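Topology and contacts: notes
The residues making up each chain are set out below.
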Number of protein chains: 2
Amino acid sequence: MRIGGYEFEEFLEVVRNFHGSPAPGIIVGGIMVDMARDALPPDTIFDAVVETPKCLPDAVQLLTLCTVGNSWLKIVNLGRYALTFYDKYTGQGVRVFVDPVKLEKWDEIKGWILKLKPKQEQDFERLMHQIRTAGRDILTARPMQVDMDQLTRKKMSSIAVCPICNEPYPADDGAACRGCHGDSPYI
Amino acid sequence: MRIGGYEFEEFLEVVRNFHGSPAPGIIVGGIMVDMARDALPPDTIFDAVVETPKCLPDAVQLLTLCTVGNSWLKIVNLGRYALTFYDKYTGQGVRVFVDPVKLEKWDEIKGWILKLKPKQEQDFERLMHQIRTAGRDILTARPMQVDMDQLTRKKMSSIAVCPICNEPYPADDGAACRGCHGDSPYI
Ligand SMILES: [Zn+2]
Ligand SMILES: [Zn+2]
């Protein structure tokens, strides 16, 4: 099996270097990326949505030009292991998700996805073997229309300097920056 | 100038391959990453927060093991071009930000950060040259204590299968998944 043009083992290494470990979620994610891409008309200029912040964003970032920082990848946390690639201009695309019905044949994958047993009881080698063998067999792809209004990042109008922290911030945020409005994660 | 162990030109190429273009924001971001890391005690196991989703997450993801998908990188959108690296266990760390006071010497960088002129009037070559020459000269680093309670990702309790879409989702989200609760970005 190849993932995104890489040999399987080679992809594990790419994942390890980026993500810190060869997490099964990213391997499944890589297979999802390939499936979504194959389902789009060739040469489609696409953006991506992932429906969870866990693992899946890294598969997309590693295998496409859609990243969080360039905003071609959007994360909408719906708690589902699913991604949608869609035409940047029309919003027409394809959604790929892990299909529970199809997990019946793959007990280790099923146990992992549905968290049926504690992590220390999972058999990692067996899980990776099943993921590699199953490939797209655990996934379903469906056409999907994205609501572009909801996903398009608003353009910043102008930049102000915050009178409290003295740092630049989007003027639309109000008289002070959001950090000084109490949204800061610092103590 | 080197960035994250890369030669400057080499880093531009790495950025281009990941982000799609050698965006100035990621170059500045790379310099911020190096500065934050140097300010931490050596061998600190750190997590990262960025205060904007624009560009900066990609610099962190390219140059550290903190990614969105492994959750060692958190994005808290405060609209400020700043990042904090902090000890994973104590929350103690360092925040690096673009310091407007220090921009006075660098008119092209100032114009770009504060959006003083429209994009088509910016001189890209001049901007990149100033960024490369200025290096850390436009940045300030300060000690920072992160509120760990706010930034620690909650552990999922258990997984249910949604009665509406038939997909797995975190049981804590309620009787149906968030996608079926109307949070979906699809039409
Ligand atoms: Zn402020
Ligand atoms: Zn649902």
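Residues numbered from 1 in each chain as written. Chains lettered and ligands numbered in written order. Predicted model: local features only at pLDDT ≥ 70, side-chain atom pairs only at ≥ 80, totals over all residues. Heavy atoms only, no water.

Attention now goes to the coordination of the zinc ion (ligand 2). All names here are of chain B. Protein coordination of the zinc ion (ligand 2) is provided by C162 (SG), C165 (SG), C177 (SG) and C180 (SG), with donor distances spanning 2.3 to 2.4 Å. Taken together, the 4 donor atoms coordinating the zinc ion (ligand 2) and their angles of 106 to 120 degrees define a geometry best described as tetrahedral. The sequence pattern formed by the donor residues of the zinc ion (ligand 2) is C-x2-C-x11-C-x2-C. Of this pair, C165 sits in the loop between β8 (159–161) and β9 (168–170) while C180 sits in helix α7 (residues 179–183), placing them 15 residues apart in sequence. (Donors = N, O, S within 2.8 Å, 3.2 Å for Na, K, Ca; no water. Tetrahedral: all angles 85-135°; square planar, octahedral: opposite > 155°, others 65-115°. Helix = DSSP H or I, 4+ residues; strand = E, 2+ residues; numbered from the N terminus.)

Turning next to helix α5 (residues 124–134) of chain A. Residue and element names in this part refer to chain A. Of all the positions in α5, only L127, M128, Q130, I131 and A134 are classed as buried. Along the axis of α5, the buried positions cluster into a sector of 160 degrees, meaning they face one direction only. Along α5, exposed side chains directed more than 90 degrees from the buried face belong to E125 and H129. Along its buried surface, α5 packs onto α1 (8–19), α2 (24–39) and α4 (107–113). Between the side-chain oxygen at the start of α5 and the backbone nitrogen of E125 there is a gap of 3.3 Å, and the oxygen is on D123. Directly after α5, the chain includes G135, whose backbone phi takes a positive value near 55 degrees. (Buried < 20%, exposed > 50% of the residue type's maximum accessible area, 1.4 Å probe, protein only. Arc of directions from axis to C-beta. Contact = heavy atoms within 4.5 Å. Polar contact = N/O pair within 3.5 Å; in protein donor to acceptor, adjacent residues only side chain to side chain.)

All names here are of chain A. Here A171 lies in the loop between β9 (168–170) and α7 (179–183). We classify A171 as partly exposed; its relative accessible area is 29%. In sequence terms A171 and L127 are 44 residues apart; their C-alpha atoms lie 50 Å from each other. Aside from chain neighbours lying at most four places away, what touches A171 is S158, I159 and A160.

The next subject is the sheet that holds strand β5 (residues 82–87) of chain B. All names here are of chain B. Pairing is mixed in the open sheet, where 5 strands are placed in the order β4-β3-β5-β6-β7. Two strands close off the open sheet at either side, each with one partner strand: β4 (73–75) and β7 (139–145). When the angles between neighbouring strand axes are averaged without regard to direction, this sheet yields 20 degrees. Bridge count for β5 against strand β6 (residues 92–98) is 5 bridges, and the pairing is antiparallel. In the strand pairing of β6, Y86 is matched with G93. (Pairing = 2+ DSSP bridges. Axes fitted to C-alpha atoms, helices over the stretch in contact; angles between N-to-C directions.)

With that out of the way, let us pick up unusual backbone geometry. Residues and elements named next belong to chain A. With a phi angle near 70 degrees, D43 is a residue other than glycine that sits in the positive phi range. Positionally, D43 belongs in the loop between α2 and β3 (46–50). For D43, a relative accessible area of 77% translates into the label exposed.

A few words on the interface of chain A and chain B. Taken together, the contacts link 61 residues of chain A with 61 residues of chain B. Summed over both sides, the interface of chain A with chain B buries roughly 5000 Å², with 60% coming from carbon and sulfur. Interface area lost by chain A to chain B is led by R80, P185 and Y186 of chain A, which between them contribute 15%. Summed over the shared surface of chain A and chain B, the result is 2 salt bridges. Salt-bridge contacts for R95 of chain B lead to E167 of chain A; the nearest nitrogen and oxygen are separated by 2.8 Å. On inspection of chain A and its partner chain B, the count reaches 22 residue pairs in polar contact (both at pLDDT 80 or more). Classifying every residue of the side of chain A that touches chain B gives 32 nonpolar, 16 polar and 13 charged. (Buried area = accessible area lost by both parts, 1.4 Å probe. Salt bridge = Lys/Arg side-chain N within 4 Å of Asp/Glu carboxyl O. Nonpolar A, V, L, I, M, F, W, Y, C, P; charged D, E, K, R; others polar.)

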